[in-house]
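Now for the letters of each chain:
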Amino acid sequence: MEPLTADRISAKIHEIEQRVGKLSPMQKVLIGTDGSVTNLLEMATGHSVSITTRVQDIVAADTEAAAALAIEPGDEVNHRIVELKDSVTGNVLIYAVSRTPLRRLAPEFRQDLMRADIPIGRILSRHRIESRREITDARVVQAGTDLARTFNIHRCESMLSRKYRIIHRGEPLIAIEEIFPCTAFADDVRVLVDAPSRLHITLLDMNGTSGRVDGGVGVALDEPGCLLDARKGPGLDVHGGDELLRTRVLEAARAVKEGLGLPGGADITVHAVARPHAGLGSGTQVALATAAALCRLYDRDVPVPELARIVGRGGTSGIGTAAFAQGGFILDGGHRFGSPGGKQDFRPSAASRGVAPPPVLARHRFPEDWRILLAIPDIDAGAHGRREIDIFRTHCPVPLHEVRELCHEVLMRMIPGLVEQDIDLFGSAINRTQVLGFKKVEVAMQHPVVSSLIEAMVEAGAAGAGLSSFGPTVYAVGDSGMADVARAAKEVLGDRGGTVIPTRARNDGAAVRAE
């Protein structure tokens with residue numbers, strides 16, 4: 001394992017900045033220093049640093065540890081996980097994992113190491129061990145559940161990681177990885193937005209003879225969601241994701257900057273977002289998250305419906321906008337149709353720019369003990385762009401009798417089932433909507449695996465299952481037996497591949513916080 005040269009460390013820092021945006025001088029120092037991190041933290045915070053040991057075990061070296069320490073796999077190593085904390089505030093500053101081969105330790109050194117709660121640098125100093133540090137890697141990692149709990153952050157937030165070895169007498173004495181959030185030790189304020197995705201259960205009225213059109217029902221989802229952060233900058237720069245995602249974020253940021261006359265730009269990093277064109281509303285959520293972040297940065301208080309109008313969302317369905325604003329189960333009332341100031345034809349949200357989001361007629365908390373399972377097959381993305389526009393024009397208006405039955409299902413079965421927590425009633429209404437109105441059109445245009453998933457999930461015990469928006473995401477709702485439903489979904493996906501995600505509804509809207 002070759003140590004990084006100064007040039008390679010600089011190159012690594014540049015790679016990191018391409019993913020998460022500009023790093024502060026302190027962040028760069030913490031990544032590239034070959035000295036004591038504990039001393040640096042004490043100088044930066046003005047407080048002493050305390051150590052809390054979370055794990056202290058003797059384990060057999062795995063292949064990675066053996067390579068890092070130049071030992072044989074299976075050799076005994078001390079595996080230690082500690083938190084470096086600000087002794088005054090109690091905040092965790094660094095999460096550190098170290099591995100030390102026991103056969104290279106003098107008895108006194110080993111005793112101090114096993115006593116725990118002593119920084120390694122101070123143990124080295126106490127025993128007057130001459131050593132040097134070799135940095136071997138620097139990268140971005142995702143927090144995950146454990147680090148999210150440690151730092152009180154979102155599980156999808158980006159973290160900065162560096163690995164190094166302490167060399168003594170020409171041999172690796174300790175291999176260490178240190179991790180801290182990208183938001184830590186930053187020079188400026190960052191705004192973090194955590195937004196839900198959503199299920200779109202169905203559009204209600206794609207007939208239009210009532211003088212209104214669209215309308216819909218849906219549910220905000222806790223996962224997968226959208227997570228991004230932003231800080232002030234002279235221009236508009238976007239990091240994370242692929243080129244299409246960055247373009248979407250940039251377009252939304254430009255629309256907000258110009259629409260609100262903001263005096264500056266932003267450096268935006270996308271940490272997580274649901275798969276695009278999968279029926280989970282990722283386009284709406286990332287656009288609104290971008291808008292909310294910019295508004296918080298520049299102290300603009302703008303209602304979510306107005307933000308949706310600015311970024312061109314909510315022109316057909318209001319579920320994504322309402323999910324961002326308040327979460328839960330949502331019923332929206334659609335738009336005026338065929339009259340001045342209303343929509344003049346049938347078209348999706350992406351082709352309905354300038355149309356305000358529809359009014360929310362009802363919003364209810366989704367029962368906490370009901371579970372939702374997503375099955376996303378590895379097939380082509382759901383209809384979008386020109387194809388989606390053509391589908392609306394070709395298949396609308398839908399028969400009025402189906403619209404009436406669909407509205408009856410929602411008003412007299414789906415919503416009462418939700419409010420009274422009668423999951424069988426709610427689920428049976430979900431099942432019936434799959435063969436009515438515009439939802440019938442959406443289902444009919446799917447790959448056969450979608451219908452197979454819906455059927456298999458219901459047969460496996462789900463109270464109800466259906467297609468979200470134009471798919472290909474299929475969802476199932478239940479209060480028990482969801483492990484059987486997941487197994488059934490995986491069997492249907494088989495060799496074709498796909499993702500099965502257990503999740504739940506989110507009864508709150510997007511969280512926006514400054515750090």
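Remember, predicted model here, so these are calculated numbers, not experimental data.

Visitor: What should I look at first to understand the packing of helix α16 (residues 448-459) against helix α17 (residues 482-493) in this one?
Guide: Helix-helix packing is described using two parameters, namely the angle between the two axes and the distance between the axes. Interhelical geometry of α16 versus α17 gives an angle of 155 degrees and a closest axis separation of 9 Å. One finds that α16 runs roughly antiparallel with respect to α17. When you trace α16 past α17, the crossing you get is right-handed. Packed against α16, whose contacting residues are V449, S452, L453, A456 and M457, the element α17 presents V485, A488, A489, V492 and L493 at the interface.

Visitor: Mind showing me how you'd approach the pattern of salt bridges here?
Guide: If charged atoms from side chains of opposite charge come close, those side chains can pair. Taken as a whole, this structure holds 31 salt bridges when the rule is applied. D267 is the partner of R231 in a salt bridge, and the nearest nitrogen-oxygen pair spans 3.6 Å. On the criterion of sequence distance, the pair formed by R231 in strand β8 (residues 212-233) and D267 in strand β10 (residues 265-272) is long-range, its members being 36 residues apart. For R309, the salt bridge goes to E306, with nearest N and O atoms at 2.6 Å.

Visitor: Explain helix α3 (residues 37-45) to me, please; I cannot follow it from the model alone.
Guide: Three or four residues apart is the spacing at which side chains of an α-helix point the same way, because the helix has 3.6 residues per turn. Every buried residue of α3 is accounted for by V37, T38, L40 and L41. Down the axis, α3 shows its buried residues gathered within 160 degrees of arc, on one side only. G46 sits one or two positions beyond α3 and adopts a positive phi of about 80 degrees.

Visitor: Mind showing me how you'd approach the pairing of strand β15 (residues 464-467) here?
Guide: For a regular strand, side chains alternate in direction, first toward one face of the sheet and then toward the other. Neither face of β15 is exposed, since G464 and G466 on one face and A465 and L467 on the opposite face are all buried. Here β15 pairs with strand β16 (residues 474-478) via four bridges, running antiparallel. Paired with G464 across the bridge in β16 is V477.

Visitor: Looking at this structure, I do not really get the sheet that holds strand β6 (residues 171-181). What am I missing?
Guide: Within a sheet, neighbouring strands are paired by backbone hydrogen bonds and run either parallel or antiparallel to one another. Here we have six strands laid out as an open sheet, ordered β1-β2-β3-β6-β5-β4, and antiparallel in their pairing. Every interior strand has two partners, whereas the edge strands, β1 (49-60) and β4 (132-142), have only one. Each adjacent strand pair in this sheet contributes to an overall mean axis angle of 20 degrees, direction not counted. Against the sheet, α3 contacts β1, β2 (76-86), β3 (92-101), β5 (158-168) and β6, and its axis sits at roughly 170 degrees relative to β3.

Visitor: Is there a simple way to think about helix α13 (residues 400-419) in this case?
Guide: When the terminal C-alpha atoms of α13 are compared, their 27 Å separation across 20 residues agrees well with the 28 Å that a helix rising 1.5 Å per residue should span. A maximum bend of about 35 degrees is found in α13 at V410. Here α13 has its buried residues at E402, V403, L406, E409, V410, M414, I415, G417 and L418. For α13, the elements touching its buried residues are β7 (191-205), β8, β11 (329-332), β13 (360-364), α14 (423-433) and α15 (437-444). One or two residues past the end of α13 sits Q421, with phi positive at roughly 55 degrees.

Rules of the game
Residues numbered from 1 in each chain as written. Predicted model: local features only at pLDDT ≥ 70, side-chain atom pairs only at ≥ 80, totals over all residues. Heavy atoms only, no water. Axes fitted to C-alpha atoms, helices over the stretch in contact; angles between N-to-C directions. Helix = DSSP H or I, 4+ residues; strand = E, 2+ residues; numbered from the N terminus. Parallel < 35°, antiparallel > 145°, perpendicular 65-115°, else oblique. Left-handed = near helix turned anticlockwise from the far one by under 90°. Contact = heavy atoms within 4.5 Å. Salt bridge = Lys/Arg side-chain N within 4 Å of Asp/Glu carboxyl O. Buried < 20%, exposed > 50% of the residue type's maximum accessible area, 1.4 Å probe, protein only. Arc of directions from axis to C-beta. Pairing = 2+ DSSP bridges. Expected span 1.5 Å × (residues − 1). Bend = angle between axes of the 7 residues up to and from the residue.

Limitation: the analysis is restricted to geometry and does not speak to function.
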